[in-house]
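If you want the building blocks of each chain, they are given just below.
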Amino acid sequence: MDREEYVEAVLQAVESIPPGSVATYGDIAEYVGQGGPRQVGAVMREYGGGVAWWRVIRASGVPADEVGDEQLHLLRADGVRITNGRVNLRQVRWDPEIQEH
DNA sequence: GCCATGACATCCA
DNA sequence: GTGGATGCCATGG
């Protein structure tokens with residue numbers, strides 16, 4: 001799989017996250033089936049501007065230091081419950097299975 | 001090919 | 001919950 005195709009796959013995965021839900025970098029990597037969490041992060045750094053990058057967070061529920069403030073703000077706008085600067089993964093974690101295909 | 005880096009994850013104290 | 005160590009995997013020098 002070319003790097004460009006990988007980028008497309010990642011962006012597509014991010015776009016398929018419904019509003020009010022979030023996914024971890026690991027989830028995206030697993031969904032795409034290639035590379036790992038760090039590669040997803042690398043893609044987001046370069047091409048994340050075109051998608052809902054704020055719906056991608058760490059497994060801990062804490063957003064990346066670089067974008068944390070904006071991200072929490074945007075997530076709250078999407079209807080995501082934020083507690084103590086941390087996302088409640090229990091409730092908003094994206095499940096590819098529950099998608100309305 | 002070796003080494004350093006990074007919007008990460010997991011394990012363990 | 002916190003902090004350090006280790007693993008992972010692609011990219012760039």
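That block above? That's the structure.
Note that this is a predicted model, so its numbers are computed, not measured. (Residues numbered from 1 in each chain as written. Chains lettered and ligands numbered in written order. Predicted model: local features only at pLDDT ≥ 70, side-chain atom pairs only at ≥ 80, totals over all residues. Heavy atoms only, no water.)

Draft legend 1. How the structure looks around the protein's contact with DNA strand B. Around DNA strand B, 14 residues are found, and the nearest of them are Tyr 25, Arg 38, Arg 45, Arg 58 and Ala 59. Counting only atoms of DNA strand B within 4 Å of the protein, the fraction found in sugar and phosphate groups is 44%. Gln 39 is positioned with one of its side-chain polar atoms (N or O) 3.3 Å from a base nitrogen of DNA strand B. If you list the elements that add at least two residues to the surface near DNA strand B, you get α2 (25-32) and α3 (37-47). At 6 residues, α3 tops the list of elements feeding residues into the surface near DNA strand B. Split by residue class, the surface near DNA strand B holds 7 nonpolar, 4 polar and 3 charged. (Near = heavy atom within 4 Å. Polar contact = N/O pair within 3.5 Å; in protein donor to acceptor, adjacent residues only side chain to side chain. Helix = DSSP H or I, 4+ residues; strand = E, 2+ residues; numbered from the N terminus. Nonpolar A, V, L, I, M, F, W, Y, C, P; charged D, E, K, R; others polar.)

Draft legend 2. Structural view of the nonpolar core. Residues Val 10, Val 14, Ile 17, Ile 28, Val 40, Met 44 and Val 56 are the most contacted members of the largest nonpolar core, which totals 19 residues. Taken together, the elements giving at least two residues each to this core come down to α1 (3-15), α2 and α3. Per-element tally for this core: the top contributor is α1, with 6 residues. Setting aside anything within four residues of it in sequence, one finds Val 14 in contact with Ile 28, Met 44, Val 51, Ala 52, Trp 53 and Val 56. Counting 10 residues, the second-largest nonpolar core is a separate cluster that includes Trp 54, Leu 75, Val 80 and Leu 89. (Core = buried A, V, L, I, M, F, W, Y, C linked by side-chain atoms within 4.5 Å. Buried < 20%, exposed > 50% of the residue type's maximum accessible area, 1.4 Å probe, protein only. Contact = heavy atoms within 4.5 Å.)

Draft legend 3. Region of the structure containing the protein's contact with DNA strand C. As a structural note, the neighbourhood of DNA strand C is formed by Arg 3, Arg 38, Gln 39 and Arg 86. Residue Gln 39 places a side-chain N or O atom 2.8 Å away from a base oxygen belonging to DNA strand C. Side-chain polar atom of Arg 86 to a phosphate oxygen of DNA strand C: 3.3 Å apart, as the coordinates give it.

Draft legend 4. Region of interest: unusual backbone geometry. Not every positive phi belongs to a glycine, and Asn 84 is a case in point at roughly 60°. By secondary structure assignment, the location of Asn 84 is in the loop between β3 (82-83) and β4 (86-87). A relative accessible area of 77% means that Asn 84 is categorised as exposed.

Draft legend 5. Representation of the environment of Val 56 in the model. Looking at the element boundaries, Val 56 is found in strand β2 (residues 56-57). On the accessibility criterion, Val 56 (0% relative accessible area) is buried. Those residues within four positions of Val 56 in sequence are excluded, and the remaining contacts are Val 14, Ile 17, Ala 23, Thr 24, Tyr 25, Ile 28, Met 44 and Gln 71.

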